[in-house]
Amino acid sequence: MILTGNEITKEFYSGKIKFSQFDMVKIGTNSYDLCLGSELIFYQDDILDVKKENKYKIIEIPDEGIVIPKHSFCLGSSSIKLGSDFYVPIIHGKSTTARMGLFVHITADLIDIGFYGTTTFQLHNLLPIKLYKGMPIAQVSFWKPKGDIVLYDGKYQGAETPLTSKVYKDFR
Ligand SMILES: O=c1ccn([C@H]2C[C@H](O)[C@@H](COP(=O)(O)OP(=O)(O)OP(=O)(O)O)O2)c(=O)[nH]1
């Protein structure tokens, strides 16, 4: 069962949904808008090795925005932290930016119950696009789970910035 916007607001005030900053303007019919944080991460290696921590470059998005060449891949994050110990958050694109060829995740849209942090967006753009920090870029919905809840305690817990893949930790 998906929560309506009114229910998301209610559960924010009850404490069952956590946002580090809350703004009613960002409530939609059944989602909450997420804005882009100030950093982007670009991998530097030509080939990414899943067994290693790959090299990357962090770029601060200037106030005047940043042009991303088409077919780029980079990581960004939500400007706020979010999470819930009671509902399953799922990240979605926004139709408005999807209409410009922008993906905000590459197949991984599920936030674990118990995660709290900034969500990392896996940004992929089909066309050249100019992005600005603070722009609405994604939305999160909240789903009622069925069954016993086990809270997330994984490698991305507590994220404060975009985080690169830590898949190499799974090989140790
Ligand atoms: O688009 C996404 C998807 C997930 N996450 C965060 C929240 C989620 O709880 C955590 C782990 O996601 P997932 O379980 O899909 O990744 P994993 O590769 O299985 O990592 P872990 O072993 O930590 O579960 O990463 C994001 O920041 N952005």
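Refer to the preceding data block for the structure.
What you see is a predicted model, and the numbers here were worked out from it, not measured in a lab.

A. Focus on the sheet that holds strand β7 (residues 82–84). Reading across from one edge, β1-β7-β10 is the order of the 3 strands in this open sheet, with antiparallel pairing throughout. Each of the sheet's edge strands pairs with one partner strand only, and the pair in question is β1 (17–19) and β10 (116–117). By the bridge criterion, 3 bridges tie β1 to β7 in an arrangement that is antiparallel. Within the sheet, the bridge partner assigned to Ile17 lies in β7 and is Ser84.

B. Molecular detail of the site of the ligand. Near the ligand, the surroundings consist of Ala108, Leu110, Ile111, Asp112, Phe115, Thr119, Thr120, Gln122, Tyr152, Gly154, Lys155 and Tyr156. One of the side-chain nitrogen or oxygen atoms of Tyr152 is found 2.5 Å away from an oxygen atom of the ligand. Measuring from an oxygen atom of the ligand, one finds a side-chain N or O atom of Lys155 at 2.5 Å. For the ligand, the protein covers 72% of the area, taking 580 Å² as the surface of the free molecule. When grouped by side-chain class, the residues that make up the shell around the ligand number 6 nonpolar, 4 polar and 2 charged.

C. Representation of the packing of aromatic side chains within the structure. For the coordinates displayed, the defined rule picks out 9 aromatic pairs. When the ring of Phe19 is compared with that of Phe142, the centres are 5.8 Å apart and the planes differ by 85°; the resulting orientation is edge-to-face. Here Phe19 is found in strand β1, whereas its partner Phe142 is found in strand β13 (residues 136–143), with 123 residues between them in sequence. For Phe19, a relative accessible area of 5% gives the class buried. Centroid distance Phe22 to Tyr32: 5.4 Å. Interplanar angle 10°. Geometry classified as stacked. Of the two residues, Phe22 is situated in the loop between β1 and β2 (32–35) and Tyr32 in strand β2; the sequence distance between them amounts to 10 residues. Members of the aromatic cluster, joined through ring pairs, are Phe12, Tyr13, Phe19, Phe22, Tyr32 and Phe142. The positively charged end of Lys16 is found above the aromatic ring belonging to Phe86, 5.2 Å away from the centroid. Across from the ring centre of Tyr116, 5.2 Å away, lies the NZ or CZ of Lys18, which sits over that ring.

D. Structural detail: unusual backbone geometry. Of note in this structure, His71 is not a glycine but carries a positive phi near 60°. Relative to the helices and strands, His71 resides in the loop between β5 (66–68) and β6 (73–77). Note on His71: relative accessible area 52%, which makes it exposed. Phi is positive for Thr107, which is not a glycine, with a value near 65°. Positionally, Thr107 belongs in the loop between β9 (102–103) and β10.

E. Quick look at the sheet that holds strand β8 (residues 88–93). One open sheet holds the 3 strands; their spatial order is β2-β13-β8, and the pairing between them is antiparallel. Among the strands making up the open sheet, the edge pair consists of β2 and β8. Direction aside, the axes of adjacent strands within the sheet are offset by 35° on average.

Conventions we followed
- Residue indices follow the written sequence of each chain, beginning from 1 at its first position.
- Local features are withheld for residues below a pLDDT of 70 in this predicted model, meaning they are given only at 70 or higher, and side-chain atom pairs are given and counted only at 80 or more; totals for whole chains, interfaces and linings count all residues.
- To get the side-chain values, all heavy atoms of the structure are used, and hydrogens and water are removed first.
- For two strands to count as paired, DSSP must find a minimum of two bridges between them.
- Segments assigned H or I by DSSP are reported as helices when at least four residues long, segments assigned E as strands when at least two residues long, and all are numbered from the N terminus.
- Here a residue is near a molecule or strand as soon as one of its heavy atoms is found within 4 Å of it.
- The term polar contact refers here to a pair of N or O atoms within 3.5 Å; inside protein, the definition further demands a hydrogen-donor-capable atom paired with an acceptor-capable atom, and it admits residues adjacent in sequence only when both atoms are side-chain atoms.
- Computed by Shrake-Rupley with a 1.4 Å probe, the accessible areas treat only the displayed protein chains as cover when residues are assessed.
- Only Asp, Glu, Lys and Arg are considered charged, only Ala, Val, Leu, Ile, Met, Phe, Trp, Tyr, Cys and Pro nonpolar, and every remaining residue, Gly among them, polar.
- When two rings of Phe, Tyr or Trp (its six-membered ring) have centres within 6.5 Å they constitute a pair, described as stacked for plane angles under 30 degrees, edge-to-face for angles over 60, and tilted for the intermediate range.
- A simple rule labels every residue: compare its accessible area, found with a 1.4 Å probe on the protein chains alone, to the largest value its type can have, and call it buried under 20%, exposed over 50%, or partly exposed in between.
- Distance and angle both matter: a charge sits over a ring if NZ of Lys or CZ of Arg is within 6 Å of the ring centre and within 35 degrees of the ring normal.
- Structural elements are reduced to axes, namely lines fitted to C-alpha atoms, with helices fitted over the stretch in contact, and the angle between N-to-C directions of any two is expressed from 0 to 180 degrees.

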